Amino acid sequence: NKVLWISGVCNKNAEFEFVTENLSDLQSISYNEIKSLWLKRRQSDIKTNLLILIDCVYGGVWVKKCNQEFDYKDFAIQSSSSNEEKAYDINNGPS
């Protein structure tokens, strides 16, 4: 089994934004990109399950997309917030 943990900034288009190692290059990856990579995995990994844990604003967008368009027998997403909800920071409230 594989686990992907996402924490940071997610937008309502199901894109997660992150900064690369050199801290100067803003990148993003979308739900569709991760789904596509998962579907293209090696044949030897075909019986492997993927769990995505999302702790970010609007993370529920990924859950909603998964439920609407994907056969998720081996693919699951859990989010700390809904598709219309901001996640909460312990010290600062809604982010």
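The structure this text deals with has already been given above.
Residues numbered from 1 in each chain as written. Predicted model: local features only at pLDDT ≥ 70, side-chain atom pairs only at ≥ 80, totals over all residues. Heavy atoms only, no water.

1. Some thoughts on the side chain of Arg41
Then step 1. Here Arg41 shows up in the loop between α1 (31-39) and β4 (50-56).
Then step 2. By relative accessible area, Arg41 is classed as buried at 15%.
Then step 3. One polar contact links Arg41 to Asp74, side chain to side chain, over a distance of 2.5 Å.
Then step 4. In this view, Arg41 contacts Ile46, Thr48 and Asp74; residues no more than four positions away in its chain are not counted. (Helix = DSSP H or I, 4+ residues; strand = E, 2+ residues; numbered from the N terminus. Buried < 20%, exposed > 50% of the residue type's maximum accessible area, 1.4 Å probe, protein only. Polar contact = N/O pair within 3.5 Å; in protein donor to acceptor, adjacent residues only side chain to side chain. Contact = heavy atoms within 4.5 Å.)

2. As for the pattern of salt bridges
Then step 1. A full pass over the atoms with the stated rule returns one salt bridge.
Then step 2. Between Arg41 and Asp74 there is a salt bridge, with the nearest N and O atoms lying 2.5 Å from each other. Here the residue Arg41 occupies a position in the loop between α1 and β4, and Asp74 occupies one in the loop between α2 (60-69) and β5 (75-79), the gap between them amounting to 33 residues. (Salt bridge = Lys/Arg side-chain N within 4 Å of Asp/Glu carboxyl O.)

Worth remembering: the numbers are spatial, not functional.
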